[in-house]
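Here is what each chain is made of, one letter per residue.
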Amino acid sequence: TSTTLRAGNVISATMAAAGVVIDANARHIANVNLQSQRMSVNARYVLEYGAAVERMGGSAGDAIGQLQKMDDLHVRGQSGTLNDLAQAGFNVSYLTQATDAQDLQERIANQYQHANAGQRRVASGILGIDPGTAQLYAGGGDYLHQQVQQAGNLENITQDLIDKSAEYNLQLRDAQTAWNG
């Protein structure tokens with residue numbers, strides 16, 4: 001009957017939409033995994049941090065870019081950026097003791113928490129900090145760490161999910177190659 005056909009169409013459309021969402025999520029996670037391999041931060045942290053920034057009104061894409069900047073600053077120790085942060089009142093000696101980009105981020109957040117509005121504005125400009133990240137940093141390093149973990153738990157981000165997304169994308173590429181000849 002027409003009711004059965006309509007119900008079937010609704011179910012088909014729902015399943016197709018779910019497939020699109022799953023595909024998009026798997027591609028995003030696999031992309032983050034690839035990007036994180038070029039940084040001193042693991043993919044799980046990148047995904048969790050992106051989710052935390054989104055929860056504060058920022059963008060996950062901007063969050064990844066900010067982590068890349070932190071990683072570059074940690075690895076290269078860009079003297080111009082460090083000098084600018086020192087002029088903004090940040091303790092650069094403390095920052096240069098960071099062990100990786102995640103630690104550097106928490107150290108910056110610790111100082112950002114105690115900075116005045118002008119210092120925060122200058123540091124945000126130097127580091128490319130968006131409003132979502134600024135909210136995370138304003139609470140300090142412990143708050144940043146807590147919010148990242150909470151976002152990861154809410155999003156159910158696990159290493160297994162990251163691994164399965166990579167496998168999904170590999171199998172999808174293999175299927176597309178076989179289909180296209």
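Conventions adopted
- What you see as residue numbers is a count from 1 along each chain, following the sequence as written.
- Where local features are concerned, this predicted model is filtered to residues with pLDDT of at least 70; where side-chain atom pairs are given and counted, the filter is 80 or more; whole-chain, interface and lining totals use all residues.
- Side-chain calculation: all heavy atoms of the structure are included, whereas hydrogens and water are not.
- Strands here mean DSSP runs of E at least two residues long; helices mean DSSP runs of H or I at least four residues long; both are numbered from the N terminus.
- What a helix is expected to span follows from its residue count: subtract one and scale by 1.5 Å.
- In this scheme, a residue with accessible area under 20% of its type's maximum is buried, one over 50% is exposed, and one in between is partly exposed, where area comes from a 1.4 Å probe on protein chains only.
- Working definition: the arc comes from the directions between the helix axis and the C-beta atoms, pointing outward to the latter.
- Polar contacts here mean pairs of N or O atoms no more than 3.5 Å apart (in protein, one a potential hydrogen donor and the other a potential acceptor; neighbouring residues in sequence count only if both atoms are side-chain atoms).
- Note: pLDDT gives the predictor's confidence per residue, expressed from 0 to 100.
- When checking whether two residues touch, look at their non-hydrogen atoms; a contact exists if any pair is within 4.5 Å.

Draft legend 1. The arrangement of helix α9 (residues 141-155) in detail. The terminal C-alpha atoms of α9, which comprises 15 residues, lie 21 Å apart, in line with the 21 Å expected from a rise of 1.5 Å per residue. For α9, every residue scored as buried is listed here: G141, L144, Q147, V148, A151 and G152. Angularly, the buried residues of α9 cover 135 degrees about the axis, an arc narrow enough to put them on a single face. For α9, the exposed residues lying more than 90 degrees away from the buried face are D142, N153 and L154.

Draft legend 2. Quick look at the side chain of Q105. Residue position: Q105 is located in helix α6 (residues 101-114). Its relative accessible area of 0% is what places Q105 among the buried residues. In this structure the side chain of Q105 is engaged in a polar contact, spanning 2.8 Å, whose partner is the side chain of Y45.

Draft legend 3. Representation of the confidence of the model for the protein chain in the model. This prediction gives the protein chain a mean pLDDT of 76; 63% of its residues lie at or above 70. Here residues 15-21 scores under 50 on pLDDT; set against residues more than four positions off or in separate chains, the count is zero contacts.

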